[in-house]
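Results of the structural survey
The primary structure of each chain is shown beneath.
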Amino acid sequence: MSGYGDGTRAVRAGLPGEEQGTPFLPGPVFAAPFHLLGDVDSSPFSYNRYGNPTWARYEAALGELEEADVVLFPSGMAAATALLLTNLSPGDALAIDHGCYHGVRAVAETYLEPRGVELRQVPPAELAGAAEGARVLWMESPSNPELEVYDLEALARGAHAITVVDNTTAGPLNQRPLDLGADYVLTSATKHLSGHADLMLGYVATRYAEAAGALRDWRTRTGSIPGPFETWLAHRSLATYALRLERASANALALAELLAGRDDVSGVRYPGLPGDPGHDVARRQMRGYGTVIAFDLGDRGRAERFLTSSELIADATSFGGLQTTAERRARWGGDNVGEGFIRLSAGCEDAADLLADTERALTA
Ligand SMILES: Cc1ncc(COP(=O)(O)O)c(C=O)c1O
């Protein structure tokens, strides 16, 4: 499907050719063993831990969007862990953005550091220096939840390290880290790609066939495999990805403008706001600014009042779903944010309703 626009590619990605009497998207294939007559390599499918046709079809679809080889995992964290564990050994150093997703930092701190991997957690401005002599450079822009934006291409092309971009906040239609020189892109498909707040998946994309093979081996050996039903649901949802993203991103911009215009809200971050510190870099390296906004309501009490006063904004973690959600991020610990910090994910409701509801909840 090359040469077509994002919406066209998302609608059709990974669908088989037209064949009389067959469905557009064949249903999920459930199997533990498959019939296997003869040698193990006489069939592409033998035992489900080794491969499944429903995964293969969704991987091909994502591969069309990323223009890369894609390996699917049961969650974003499973994908991140596969990348960390297959690329780092005792004695290696990992240079990692200190504001990246806390779950990734926790895996590095809990399972890598005690096994002799040196962890260099630094702010974005120090990543280039930290990457010197490191085996892996781990970046995340825009970062979750603070929405820091920085120049991925300068870092990826400048580093003599294996470069990874966690692209979960942006997603493949809004940012293409492999085109910016990264070796791997990691995305939690739990968010925008599936978009219905009803499943977890994650994937790694790379343009190096050998690297993709190593990740597939990891998946087979460790059993970190996705479920066929979740995979099929995610593929079904891919057709509306561009449509959902367009609507939710327009809502995000409208909400960010509303929030930035109020003097009782501080620290509004949205890469699409012209006044955002990351806007100039985002304009260069992103194709759209996404659905996630961050802002500060000063203290825990006001943030909680905002969340309980709103009718349309569900108090829930995660982002990228059809329904607008928000949470007081400090309730988890693990992020360097204040007690009143809120991360909001704009959904696909009518903009006028969302804006009115947000104003009402802020005033309450
Ligand atoms: C930036 C980022 N990376 C990775 C993950 C992990 O993905 P999952 O929750 O699908 O394991 C998340 C989840 O919120 C995330 O926001």
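Residues numbered from 1 in each chain as written. Predicted model: local features only at pLDDT ≥ 70, side-chain atom pairs only at ≥ 80, totals over all residues. Heavy atoms only, no water.

**Examining the pattern of salt bridges**
If the charged atoms of two oppositely charged side chains come close together, the side chains can form a pair. Scanning the model with the defined rule gives 28 salt bridges in all. Among the salt bridges present, the one from R216 reaches D69, with a minimum N-O distance of 3.5 Å. One end of the pair, R216, is in helix 7 (residues 209-222); the other, D69, is in strand 1 (residues 69-73), with 147 residues separating them in the sequence. Here R216 falls in the partly exposed class, since its relative accessible area comes to 25%. For D350, the salt bridge identified is with R247, shortest N-O distance 2.7 Å. Here D350, found in the loop between strand 12 (341-345) and helix 12 (351-363), pairs with R247, found in helix 9 (residues 241-260); they are 103 residues apart in sequence, far enough to count as distant. By relative accessible area, which is 44% here, D350 ends up partly exposed. On the basis of relative accessibility, which here comes to 37%, the residue R247 falls in the partly exposed class. Linked through salt bridges whose partners overlap, the residues forming this network are R105, D315, E327, R329, R331, D335 and R343. (Salt bridge = Lys/Arg side-chain N within 4 Å of Asp/Glu carboxyl O. Helix = DSSP H or I, 4+ residues; strand = E, 2+ residues; numbered from the N terminus. Buried < 20%, exposed > 50% of the residue type's maximum accessible area, 1.4 Å probe, protein only.)

**Digging into the site of the ligand**
Lining the immediate environment of the ligand, one finds 14 residues, of which N144, D166, S188, T190 and K191 sit closest. Between the ligand and D166, the relevant distance is 2.6 Å, taken from a nitrogen atom to a side-chain nitrogen or oxygen of the residue. For the ligand, the accessible surface in isolation is 390 Å², of which the surrounding protein chains cover 95%. Split by residue class, the shell around the ligand holds 5 nonpolar, 6 polar and 3 charged. (Near = heavy atom within 4 Å. Polar contact = N/O pair within 3.5 Å; in protein donor to acceptor, adjacent residues only side chain to side chain. Areas by Shrake-Rupley, 256 points an atom, 1.4 Å probe, with all protein chains shown as cover. Nonpolar A, V, L, I, M, F, W, Y, C, P; charged D, E, K, R; others polar.)

**What about the pairing of strand 3 (residues 118-122)?**
Sheet topology places strand 2 (residues 93-97) next to strand 3; 5 bridges connect them, and they run parallel. Residue pairing in the sheet places A93 in a bridge with E118 of strand 3. Read from strand 2 through helix 4 (residues 102-112) to strand 3, the crossover connection turns out right-handed. (Pairing = 2+ DSSP bridges. Right-handed = clockwise from strand over helix to strand, strands pointing away.)

**Topic: the environment of E210**
In this fold, E210 is placed in helix 7. Using a relative accessible area of 75% as the deciding quantity, one classes E210 as exposed. Remark: the alpha-carbon pair of E210 and D69, spanning 141 residues in sequence, is separated by 10.0 Å.

**Here we look at the nonpolar core**
If you look at the biggest cluster of nonpolar residues, it comprises 28 residues, and the most contacted ones within it are F73, L83, L84, L94, W138, Y184 and L215. Breaking this core down by element, the ones donating at least two residues are strand 1, helix 3 (76-87), strand 2, helix 4, strand 4 (136-139), strand 5 (162-166), strand 6 (184-188) and helix 7. If you tally residues by element for this core, the top one is helix 3, at 6 residues. Among residues more than four places away in sequence, those in contact with F73 are A78, A79, A82, L201, G202, V204, L215, W218, R219, S224 and P226. Core analysis: the next-biggest nonpolar cluster, separate from the first, contains 24 residues, A13, L199, Y203 and Y241 among them. (Core = buried A, V, L, I, M, F, W, Y, C linked by side-chain atoms within 4.5 Å. Contact = heavy atoms within 4.5 Å.)

**With respect to helix 4**
For helix 4, the set of buried residues is G103, V104, R105, V107, A108 and L112. Here the buried face of helix 4 lies against helix 3, strand 2, strand 3, strand 4 and strand 5.

**Comments concerning the side chain of T358**
As for its position among the elements, T358 is in helix 12. A polar side-chain atom of T358 sits 2.7 Å from the main-chain carbonyl oxygen of L354. In this structure, T358 is in contact with L255, L258, L259, F306 and I313, ignoring residues within four places of it in sequence.

**Section: the packing of helix 11 (residues 300-309) against helix 12**
Where helix 11 contacts helix 12, the axes come no closer than 8 Å and their chain directions differ by 140 degrees. In terms of orientation, helix 11 and helix 12 fall into the oblique class. The two elements helix 11 and helix 12 meet at a crossing, and its hand is right-handed. When helix 11 is examined against helix 12, the residues R302, F306 and S309 are found in contact with a partner set consisting of T358, A361 and L362. Residue composition of the contact of helix 11 with helix 12, by class: 3 nonpolar, 2 polar and 1 charged. (Axes fitted to C-alpha atoms, helices over the stretch in contact; angles between N-to-C directions. Parallel < 35°, antiparallel > 145°, perpendicular 65-115°, else oblique. Left-handed = near helix turned anticlockwise from the far one by under 90°.)

**Quick word on the side chain of D335**
Residue position: D335 is located in the loop between strand 11 (325-328) and strand 12. Residue D335 is classed as buried on the basis of its relative accessible area, which comes to 13%. The contacts of D335, once residues within four sequence positions are left out, are H102, R105, P145 and R329.

**Describing the sheet that holds strand 3**
Strand pairing in a sheet is mediated by backbone hydrogen bonds. Such pairs are either parallel or antiparallel. Within the open sheet, the 7 strands sit side by side as 1-7-6-5-4-2-3. Their pairing is mixed. Only two strands of the sheet have a single neighbouring strand rather than two, namely strand 1 and strand 3. If you compare each strand with its neighbour and ignore which way they point, the axes differ by 20 degrees on average. For strand 2 and strand 4, the ladder comprises 3 bridges, and the chain directions are parallel. Counted as the bridge partner of L94 is V136 from strand 4.

**Some thoughts on the domain arrangement of the protein**
Many analyses report the size of an interface as the accessible area lost when the parts associate. Under the domain assignment used here, the protein contains domain 1 (6-238) and domain 2 (242-363). With 35 residues of domain 1 at the interface, the matching set in domain 2 holds 31 residues. Interface area for domain 1 against domain 2, summed over the two sides, is near 2700 Å², with a carbon-plus-sulfur share of 54%. For the pair domain 1 and domain 2, the interface holds 4 salt bridges. Where D6 meets R287, a salt bridge forms, and the shortest distance between an N and an O atom there is 2.9 Å. Where domain 1 packs against domain 2, one counts 16 residue pairs in polar contact (both at pLDDT 80 or more). Here the side of domain 1 that touches domain 2 takes 4 residues from helix 1 (residues 6-12), the largest share from any one element. Considered class by class, the residues forming the side of domain 1 that touches domain 2 number 12 nonpolar, 14 polar and 9 charged. (Domains from an automatic or database assignment. Buried area = accessible area lost by both parts, 1.4 Å probe.)

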